[in-house]
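# Report on the structure
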Amino acid sequence: MARIRQTDIEEVKARTNIGDIVGERVALKSAGVGSLKGLCPFHDERSPSFHVRPQVGYYHCFGCGESGDVYSFLRAMDHLSFTEAVERLAARIGYSLHYEDGAAAPETSGRSRLYAAHTAAAEFYRSQLSSPDAQAARQFLGERGFDAGAAAHFGVGYAPQGWSALRDALRSQGYTDDELLAGGLVSKGQRGVYDRFRGRLVWPIRDVAGQTIGFGARRLYDDDQGPKYLNTPETPIYKKASVLYGLDLAKKSISREHRAVVVEGYTDVMACHLAGVTGAIASCGTAFGSEHITVLRRVMGDSEGSSGEVVFTFDPDAAGQKAALRAFGEEKRFAAQTYVAVAPEGLDPCDLRLNRGDAAVRALIDAKAPMFEFVMDQRLSTYDLSTVEGQIGALRAAAPIVADIRDAALRPGYTRVLARKLGLDLAEVQPEVERAARRAPATSPGVASQRADAAASAPGPSAGESAASVRVTLASLPPALELEKRALMGVLQYGHLLEKQAVDIALGLPMPHPALEAVRQAVSMQPDLTKPGWTSAAVDATREPYRTLTIELLTADFPAGTERIAQTTAMESLRKLRLRALEREKAELRSAQQRLEPGSAEFRSIGMAIRDLDVRVRRLMETE
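In this report, the structure presented in the accompanying data block is examined. (Residues numbered from 1 in each chain as written. Predicted model: local features only at pLDDT ≥ 70, side-chain atom pairs only at ≥ 80, totals over all residues. Heavy atoms only, no water.)

## Description of the pairing of strand S16 (residues 337–341)
Operational definition: Under the scheme applied here, a residue whose accessible area is under 20% of the maximum for its type counts as buried, over 50% as exposed, and between as partly exposed, the area being computed with a 1.4 Å probe on protein chains only. Each helix is a run of DSSP H or I of at least 4 residues and each strand a run of E of at least 2, with the numbering of both proceeding from the N terminus. Here, strands pair whenever DSSP counts at least two bridges between them.
For S16, the buried fraction is high: four of the five residues fall into the buried class. Pairing geometry for strand S15 (residues 309–313) and S16, over five bridges, is parallel. Along S16, the bridge assignment pairs Phe312 with Val340. Across two bridges, S16 lies against strand S17 (residues 369–370) in antiparallel orientation. Directly across from Val340, in S17, lies its bridge partner Ala369.

Written out as structure tokens, the structure reads:
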């Protein structure tokens with residue numbers, strides 16, 4: 001495959017804001033001048049330790065140690081090759097890439113071709129919705145209150161009834177059967193290759209960045225022997241366990257309001273959004289599970305101390321109750337409070353909007369109840385509370401739910417609620433709740449997650465690692481080196497704003513710790529601190545095991561409220577380094593002078609050198 005010119009690789013990266021790319025997958029908040037922070041997408045954590053520095057084009061997690069530039073982020077998130085990552089970002093900004101030796105852009109590049117094929121398929125399906133053959137599809141939408149504008153907003157389309165309509169359309173655009181099979185767009189049987197979706201209403205399923213990665217299709221015709229809903233199978237770009245329908249449209253609302261509404265189907269998502277509940281999402285043909293939670297928490301910015309909400313809507317039937325209990329089992333993975341909203345008369349959000357209007361959908365979400373209260377009621381409903389045996393059985397079933405309420409301030413109140421629902425005295429219920437609390441595992445998922453975060457960020461050798469090979473981090477450096485740390489941090493983050501001479505002089509001074517000295521040498525090797533990408537070169541130039549320290553200095557919070565203050569603070573740190581070096585040199589000269597005969601030529605020579613140093617110190621002091 002032809003290689004992209006290095007100058008193009010650097011140009012695309014320089015024109016791309018890494019904060020925008022990361023922000024499509026992680027809710028980022030300001031963490032000081034030029035710094036953004038969010039929950040790490042590479043490991044599960046309760047408190048945000050993932051930092052992004054758009055100015056220098058770098059990210060780093062102070063919990064798990066993952067770091068890199070915009071290309072490495074895309075490669076890790078979307079499993080792209082390096083070439084594919086560059087091509088995707090180039091297409092995003094409309095930049096024409098050039099390849100070595102004048103070669104043309106490669107026609108195939110694995111996953112990029114699958115993304116492109118799905119984009120083409122989505123457009124094909126969308127165009128078919130207005131065809132005469134799609135009357136049943138339009139009728140389905142209309143009967144549920146969705147007009148052409150709603151269909152267009154969600155990209156809804158129609159898959160023709162023929163066996164190869166999509167296949168023929170995409171083959172005419174240069175896609176091969178192998179590519180279409182790999183993407184799950186067609187299937188293969190004894191009679192050959194045929195369209196996977198035929199005679200169905202089709203919803204494009206997009207990832208959080210808005211790329212179409214699969215489809216969900218609803219049966220329309222009585223002679224269709226397939227399932228009511230048919231989804232894309234597992235492919236290199238579609239993993240149903242981590243895909244949430246509507247997240248691309250809902251992410252801004254979820255991030256802004258710190259509230260997500262989890263519904264059960266595509267039409268429910270549409271109904272909620274059109275009713276003004278724009279944080280609605282749904283899983284795609286599978287139960288809402290742990291990987292969905294991980295994705296959602298990052299978009300929400302769901303960390304300890306935040307005031308987020310996750311509202312689940314369930315049908316009141318047996319399947320809905322089962323789904324609620326399953327969700328409750330995963331509930332502790334959230335830092336946010338979890339709730340359940342059940343519509344009157346068993347209506348789902350789509351039917352509720354159709355029968356009672358947009359306001360009823362909004363009222364449904366506003367009338368939510370805490371999930372533990374909903375689950376407690378479900379447990380109690382299975383017992384005959386008119387009998388002593390039923391009361392005791394219900395108490396034993398519901399007590400662990402109350403004991404497991406995360407907010408300790410709520411437990412006494414819900415213990416009284418449970419007693420009232422059971423018709424028992426508080427004195428009978430409270431001991432059972434306390435016993436349930438003692439029987440609970442020592443580490444709930446939330447506690448385990450916090451301990452994992454702490455372990456991930458704690459310095460120390462792992463198995464088979466010698467102390468000498470352990471990565472040095474900011475946390476492992478002694479407090480006495482604060483000035484050196486701040487000076488290097490200032491240069492790495494704001495070198496383009498600093499006076500070159502001041503930087504050169506200060507970084508010409510050796511540093512007292514081997515890790516900081518390694519970083520100093522790597523930074524000093526860079527000829528132009530105004531050139532885009534110089535910080536990446538400095539990271540690469542740092543010898544191991546000190547490279548992680550360079551990355552942390554590049555991405556850590558710098559003590560400044562504005563860029564102007566950051567520039568001043570960085571220059572002040574460099575000045576103090578120089579002053580300290582001059583004072584140290586003066587002290588050494590005075591010590592040497594004391595060992596000489598007063599009046600001797602060498603004594604006078606050292607005295608002149610000390611006076612010269614005094615002049616240099618005064619000049620530096622005058623720059624305050």
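Having seen it, we continue.
## Observations concerning unusual backbone geometry
Omega for the peptide link from Glu544 to Pro545 comes to 10°, which places this bond in the cis form. Of note, Pro545 is situated in the loop between helix H24 (534–541) and helix H25 (547–555). Positive phi, normally seen in glycine, also occurs at His258, with a value near 55°. Its location among the elements puts His258 in the loop between helix H10 (247–257) and strand S13 (259–263).

## A short note on the sheet that holds S15
Here we have six strands laid out as an open sheet, ordered S12-S14-S13-S15-S16-S17, and mixed in their pairing. The outermost strands of the open sheet, each flanked by one partner alone, are strand S12 (244–245) and S17. Bridging between S13 and S15 involves four bridges; their strand directions are parallel. Looking at the pairing, Arg259 lines up with Glu309 of S15.

## Focus: the nonpolar core
Taken as a class, soluble globular proteins show a tendency for nonpolar side chains to be buried jointly. Applied cut-off: Remark: nonpolar core denotes a set of buried residues (Ala, Val, Leu, Ile, Met, Phe, Trp, Tyr, Cys) joined through side-chain atoms within 4.5 Å. Should any heavy atoms of two residues lie within 4.5 Å, those residues are considered in contact.
Membership of the largest hydrophobic core comes to 70 residues, with the highest contact counts inside it found for Leu201 and Tyr245. Of all the elements, helix H11 (residues 266–274) adds the most residues to this core, at five residues. Contact partners of Leu201, with chain neighbours within four places excluded, come to Leu129, Ala137, Phe140, Leu141, Val156, Gly157, Gly216, Ala217, Arg218 and Leu220. By size, the runner-up hydrophobic cluster in this structure holds 46 residues, among which are Val299, Phe312, Ala403 and Val417.

## Some words on the packing of helix H16 (residues 371–380) against helix H18 (residues 411–422)
The following threshold applies: Axes here refer to lines fitted to C-alpha atoms; in helices the fit is confined to the stretch in contact. Angles between the N-to-C directions go from 0 to 180 degrees. What sets the label is the angle itself: under 35 degrees gives roughly parallel, over 145 gives roughly antiparallel, 65 to 115 gives roughly perpendicular, and the rest give oblique. The sense of a crossing depends on the near helix, which, turned anticlockwise from the far helix by less than a right angle, makes the crossing left-handed and, turned clockwise, makes it right-handed. Think of it as three bins: nonpolar holds Ala, Val, Leu, Ile, Met, Phe, Trp, Tyr, Cys and Pro, charged holds Asp, Glu, Lys and Arg, and polar takes everything else, Gly as well.
Between H16 and H18, the shortest axis-to-axis distance is 12 Å and the interhelical angle comes to 25°. By the angle between their directions, the pair H16 and H18 is classed as roughly parallel. Relative to H18, the crossing made by H16 is right-handed. Residues Phe372, Glu373, Met376, Asp377 and Leu380 of H16 pack against Tyr414, Val417, Leu418, Lys421 and Leu422 of H18. Tallied by class, the residues present in the contact of H16 with H18 amount to seven nonpolar, no polar and three charged.

## Thoughts on the packing of aromatic side chains
Note the cut-off: For Phe, Tyr and Trp, rings pair up if their centres lie within 6.5 Å, where Trp contributes its six-membered ring, and each pair is then called stacked (planes under 30 degrees apart), edge-to-face (over 60) or tilted (otherwise). A ring is considered to have a charge above it if a Lys NZ or an Arg CZ atom is located within 6 Å of its centre and within 35 degrees of its normal.
Evaluation of the coordinates by the stated rule reveals 17 aromatic pairs. Ring centres 4.8 Å apart and planes at 90° place the aromatic pair Phe372 and Tyr414 in the edge-to-face group. With a gap of 42 residues between them, Phe372 in helix H16 and Tyr414 in helix H18 connect regions that are remote in the sequence. In terms of burial, Phe372 and Tyr414 fall into one category: buried. Cluster of aromatic residues (ring-pair linked, three or more members): Phe42, Phe50, Tyr59 and Phe73. The ring of Trp163 carries the charged tip of Arg191 above its face, separated from the ring centre by 5.4 Å. Across from the ring centre of Tyr339, 5.1 Å away, lies the NZ or CZ of Lys368, which sits over that ring.

## Brief notes about the sheet that holds strand S6 (residues 157–159)
Across a sheet, strands are paired by hydrogen bonds formed along the backbone, either parallel or antiparallel in direction. Ordered in space as S6-S9-S10-S11, the four strands form an open sheet in which the pairing is antiparallel. Strands with a single pairing partner mark the edges of an open sheet, and in this sheet they are S6 and strand S11 (229–231). Going from strand to strand, the sheet's axes swing by 35° on average, the running direction of each strand aside. Where strand S10 (residues 212–219) meets S11, three bridges bridge the pair, whose relative direction is antiparallel. Its bridge partner lying in S11, Ala217 is registered against Leu230. Contacts from H11 reach strand S9 (200–206), S10 and S11 within the one sheet, and its direction differs from that of S9 by about 70°.

## A few points about the layout of surface pockets
Put simply, the test is: The distinction between a cavity and a pocket rests on a 1 Å grid over the protein atoms alone: a 1.4 Å probe fits inside a cavity but cannot get out, while a pocket stays open yet meets protein on both sides within 12 Å along at least five of seven lines, and a residue with an atom within 4 Å of a point counts as lining. Grid points are joined across faces, edges and corners, and a volume is the space filled by probe spheres set on the points.
The volume enclosed by the largest pocket comes to roughly 840 Å³. As for the largest pocket, its lining consists of 38 residues, of which Val263, Glu264, Gly265, Ser283 and Gly285 are closest to the centre. Secondary structure elements with two or more residues in the lining of the largest pocket: S11, S13, H11, S15, helix H13 (318–330) and helix H14 (349–356). Ranked by residues supplied to the lining of the largest pocket, first place goes to H13 with five residues. Tallied by class, the residues present in the lining of the largest pocket amount to 17 nonpolar, nine polar and 12 charged.

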